[in-house]
Amino acid sequence: MKYRVTFKGQIANGARIDEVAQILAVTLRSDMEKIRKLLSRRNDFIRKIKTYILTVGEGAVELIVNLVVMIIVERTYDQQGLGVYAYLLSLYFIVGYLSEFGVPRYVEHGIATHHDNRAAQVKILTDAQRSVLGLSLVFAVLFFLTAGWDADLTRISEMAAAYLVIGATLPLRNLNRLKLAALHGLGRHEAVAKLRMFKRLIFLAVMFILLIIGILPSLLVIAFLVSEIALNLLAAIKYKLVKIKYSWKRLIPRRDTLSQGYRFIFTDEALDIVLYLDFFILGLFVSSWELGVYAEASILARLLLLIPVSIKPIFRRHYCLLAARQAFEQASNLFHRTTRVMFYIQSLLALYILLYFPDILNVFFDVRGEALVSCRIFSVIIPGLIFFAALTSQEPIFEANDQVSDLKKIIFIITTVNTALNIYLIPFAGVFGAAAATMISMLVYFIVFDLYLAGSQRIRKTSYLFAGAGVYLLYMLMRALDFSFMIGLLLIPASLFVMLLAMGFFHLEES
C-alpha cells in the first residue's frame, strides 16, 4: 500500500530539521489514525454482514433441511416410508410447539426488555425453565403411557417405539428453545445462528447414518433426539446461562409464566405448524403410501415458501426502522410494492412447476407411476399458495405497527379453519380433501390478512384475484402450446410480466 503524505502549509526555507521532523510525525500520526478508523469500520461492516446473513438464512435453512431429509427418505424407503416419516415429523412439530406454550418467545421479549437488569433476566429465565420443563415432562409421560394406543390409532403402520423417542426428545427440545431465545434476547443473534446450524448438521449426519444402516422409518426420529442432545451439550459448554437445581416440587409450571407465554402463541412459527397439520390428520385416515404421495406434492408446494421465509427478517428490520422514524407512508408503499413483486415471483414458480411437473418430480423423487396423482394434488393446493406466499413475508408489518395481537388473531383463525376443514374433508376425500383444506385456508389467510391494518396499508384484493385468473389463463395457453423447457424458461417470465403490466397490476396507488 502506498501512502501519500501532504503538508498543510509551507515549510519556510531554512527551517530546522527538528521542525520538519515534527511536522512529518504529526502528519503520519494523523494518516495512521485515519487508516485505523477505516480498518475498524471495515471489520465492523464485515461482522454485521456476517451476522445478517446468518440470521436471515435461518428460516430458509430450516425449511431446506426438512425438505432434503424428506426427499432422501422417499428415495430410500419409497412413498410408504416417506408417509410414516411425514406423519411422525408433523406430530413432533405440533406437540413440540404446543408443549412450549409460547414461553420461549416471552423469554426473548422479556430478556430484551430488561436488558439493563440482570436480576430480572435471571428470574424470567429461571421461571421459564421450570415451567417449560414441567409442562414438557407431562407431555412426555403421556407419550410413554399411550405409545401402544397411539400406534394403533393411525393407519400408517408406525412403531410404538417412535412415540417413546418423541416423548424423550420433547424436554430437551424445549429447554434448547429457551436457551436460544435467551441468547436472542441478549442480542447474540450470531451465536444462535451458529448453534442452530450445528444442530442441523448433526441432524443431517445422524439421518444419513440411520438411512445407511437401513433402520425402520419409524425410528428415524432418533435423529431428533441425538441432535437435541448435541445442541444442549454445546450450549451448556459454550454459553452458560442459568444453572438450576431442579426438584419435583419446582417443576410445577408457574401460572404467571404460562399466562405470559400464552400471549405469544399463534405468532411467528404457528403458521409452520399449520403447514404440517395436514400430514398429522391424514395419518389418522389414509395409508402410509397415500400420505407419501401427498407429501411429494406438498414438498414441491413448500419450495414456493423458500423465498418468503428467507426474506421475512429483512422486512422485519425495514418495517421497524420505518416505524421508528414514523415514515408510515413509506412503509405502506413498501408493503404494496413488495407484495406485488412477491405475487409475481410465486406465480412464476407455480407456472414452472405446473407446466413441467413430471420432469421436476423426477429430479427429486423416485417416481413409480404416481406422478399424475401428485400433480393433481399440487394443482389443488397452488391457487391458495400463490396468494399466501405473497403475503406471509409481510407479517413483520404487524410487529412494526405494534399489532402482534392482531396477527395472533389471524393465525388463530387460519389454524381453526384449517383444522376444521381437514377433519371434515379428509375422511371422505382423502389426500385431495387435505389439499383442498390447505388451499382454502390459504385463501382465507389472504382475505383476512389486512383486516386489522390501517386503510392505507390494505391491498386491493380484486386486483390480485384478477391477476390470479390471468395466471390461470396463461397456464392454459402455455400448456396448449407445449413449449420445451428451455423455451418456456425464457418465455414464461416475460409473458407473465407483460400480462400483469397490461392488467395494471403493478400500479402502486391503493384506495
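Residues numbered from 1 in each chain as written. Predicted model: local features only at pLDDT ≥ 70, side-chain atom pairs only at ≥ 80, totals over all residues. Heavy atoms only, no water.

A look at the overall build of the protein chain
(1) Moving on: Within the protein chain one finds 17 helices and zero strands.
(2) Moving on: Scored against the burial criterion, the 511 residues of the protein chain give a buried share of 51%. (Helix = DSSP H or I, 4+ residues; strand = E, 2+ residues; numbered from the N terminus. Buried < 20%, exposed > 50% of the residue type's maximum accessible area, 1.4 Å probe, protein only.)

Description of unusual backbone geometry
(1) Moving on: Not every positive phi belongs to a glycine, and Asp78 is a case in point at roughly 60°.
(2) Moving on: Here Asp78 is to be found in helix H1 (residues 17-100).
(3) Moving on: Judged by relative accessible area, which is 23%, Asp78 ranks as partly exposed.
(4) Moving on: Although it is not a glycine, Asp482 adopts a positive phi angle of roughly 55°.
(5) Moving on: Looking at where Asp482 falls in the secondary structure, it is placed in the loop between helix H16 (461-481) and helix H17 (485-502).
(6) Moving on: Accessibility expressed as a relative area gives 62% for Asp482, which makes it exposed.

Overview of helix H10 (residues 306-324)
In an α-helix there are 3.6 residues to a turn, and that puts residues three or four apart on one side.
(1) Moving on: With 19 residues, H10 extends 29 Å from end C-alpha to end C-alpha; this agrees with the ideal 27 Å at 1.5 Å per step.
(2) Moving on: Roughly 35° is the biggest bend found in H10, and it falls at Lys312, with proline Pro313 one to four residues downstream.
(3) Moving on: Among the residues of H10, Pro308, Ser310, Ile311, Lys312, Phe315, Tyr319, Leu322 and Ala323 are the ones counted as buried.
(4) Moving on: Just beyond H10, the residue with positive phi is Gln326, at close to 60°. (Expected span 1.5 Å × (residues − 1). Bend = angle between axes of the 7 residues up to and from the residue.)

Some remarks on the packing of aromatic side chains
(1) Moving on: For the coordinates displayed, the defined rule picks out 28 aromatic pairs.
(2) Moving on: Relative to Phe449, the ring of Phe398 lies with its centre 5.3 Å away and its plane at 85°, an arrangement referred to as edge-to-face. Of this pair, Phe398 sits in helix H14 (residues 396-400) while Phe449 sits in the loop between helix H15 (404-448) and H16, and the two are 51 residues apart along the sequence.
(3) Moving on: On the basis of relative accessibility, which here comes to 0%, the residue Phe398 falls in the buried class.
(4) Moving on: A residue is classified by how much of its surface remains accessible, and Phe449, at 0% relative accessible area, is buried.
(5) Moving on: With centroids separated by 5.1 Å and ring planes inclined at 85°, the aromatic side chains of Tyr464 and Phe505 adopt a geometry described as edge-to-face. (Phe/Tyr/Trp six-rings, centres within 6.5 Å; stacked < 30°, edge-to-face > 60°.)

Concerning the confidence of the model for the protein chain
(1) Moving on: Summing up the model confidence of the protein chain, the mean pLDDT is 84 and the portion of residues at 70 or higher is 84%.
(2) Moving on: The spread of mean pLDDT over the elements of the protein chain runs between H1, the lowest at 76, and H16, the highest at 94. (pLDDT = per-residue confidence, 0-100.)

Describing the side chain of Asp278
(1) Moving on: Along the chain, Asp278 turns up in helix H8 (residues 270-285).
(2) Moving on: Not counting chain neighbours up to four residues away, the residues in contact with Asp278 comprise Tyr294, Arg302, Asn422, Ile426, Ala434 and Thr438. (Contact = heavy atoms within 4.5 Å.)

Focus on the pattern of salt bridges
(1) Moving on: One pass over the full model with this rule turns up 10 salt bridges.
(2) Moving on: A salt bridge links Lys123 to Asp127; the nearest nitrogen and oxygen atoms lie 2.8 Å apart. One end of the pair, Lys123, and the other, Asp127, are both in helix H3 (residues 118-153), four residues apart, so they sit about a helical turn from each other.
(3) Moving on: Note on Lys123: relative accessible area 47%, which makes it partly exposed.
(4) Moving on: The buried category is assigned to Asp127, whose relative accessible area is 9%.
(5) Moving on: Across the salt bridge formed by Lys461 and Asp450, the nearest N and O atoms sit 2.5 Å from each other. On the criterion of sequence distance, the pair formed by Lys461 in helix H16 and Asp450 in the loop between H15 and H16 is long-range, its members being 11 residues apart.
(6) Moving on: Looking at Asp450, the relative accessible area reads 2%, which means it is buried. (Salt bridge = Lys/Arg side-chain N within 4 Å of Asp/Glu carboxyl O.)

Regarding H15
(1) Moving on: Taking 1.5 Å as the rise per residue, H15 with 45 residues should run 66 Å; its terminal C-alpha atoms sit only 15 Å apart, a clear shortfall.
(2) Moving on: When the local axis directions of H15 are compared, the greatest deviation, roughly 150°, occurs at Ala429.

Looking at the side chain of Gln346
(1) Moving on: If you trace the backbone, Gln346 turns up in helix H11 (residues 328-355).
(2) Moving on: Leave out the neighbours within four places in its chain, and Gln346 touches Leu304, Ile307, Pro308, Ile386, Ala389 and Ala390.

Side note on the environment of Arg479
(1) Moving on: Assignment of secondary structure puts Arg479 in helix H16.
(2) Moving on: For the pair Arg479 and Leu354, spaced 125 residues apart in sequence, the C-alpha separation works out to 9.1 Å.

Re the environment of Phe264
(1) Moving on: Among the secondary structure elements, Phe264 is positioned in the loop between helix H7 (255-262) and H8.
(2) Moving on: Counting along the chain gives 158 residues from Phe264 to Tyr106, while the straight-line C-alpha distance between them is 6.7 Å.
(3) Moving on: Setting aside anything within four residues of it in sequence, one finds Phe264 in contact with Tyr97, Gly102, Arg105, Tyr106 and His109.

Regarding the environment of Gly96
(1) Moving on: Secondary-structure assignment places Gly96 in helix H1.
(2) Moving on: Residue Gly96 is classed as buried on the basis of its relative accessible area of 0%.
(3) Moving on: Residues Gly96 and Ile273, spaced 177 residues apart in sequence, show a C-alpha to C-alpha distance of 9.8 Å.

A few points about a nonpolar patch on the surface
(1) Moving on: The grouping of Val141, Phe144, Leu145 and Leu164 at the surface amounts to a nonpolar patch, some 380 Å² of accessible area in total.
(2) Moving on: Top contributing element to the nonpolar patch by residue count: H3, with three residues.
(3) Moving on: Inspection of the secondary structure puts Phe144 in helix H3. (Patch = residues over 30% accessible without salt bridge, like charges linked within 9 Å, V, L, I, M, F, W, Y side chains within 5 Å. Areas by Shrake-Rupley, 256 points an atom, 1.4 Å probe, with all protein chains shown as cover.)

A closer look at the packing of helix H4 (residues 160-185) against helix H5 (residues 189-213)
(1) Moving on: The N-to-C vectors of H4 and H5 enclose an angle of 150°; their axes lie 8 Å apart at closest approach. Taken together, H4 and H5 sit at an angle that is classed as roughly antiparallel. For the element pair H4 and H5, the recorded crossing hand is left-handed. Counting all contacts with H4, which are made through Arg177, Leu180, Leu183 and His184, the residues of H5 involved are His189, Val192, Leu195 and Arg196.
(2) Moving on: Along the lines of polarity and charge, the residues of the contact of H4 with H5 split into four nonpolar, two polar and two charged. (Axes fitted to C-alpha atoms, helices over the stretch in contact; angles between N-to-C directions. Parallel < 35°, antiparallel > 145°, perpendicular 65-115°, else oblique. Left-handed = near helix turned anticlockwise from the far one by under 90°. Nonpolar A, V, L, I, M, F, W, Y, C, P; charged D, E, K, R; others polar.)

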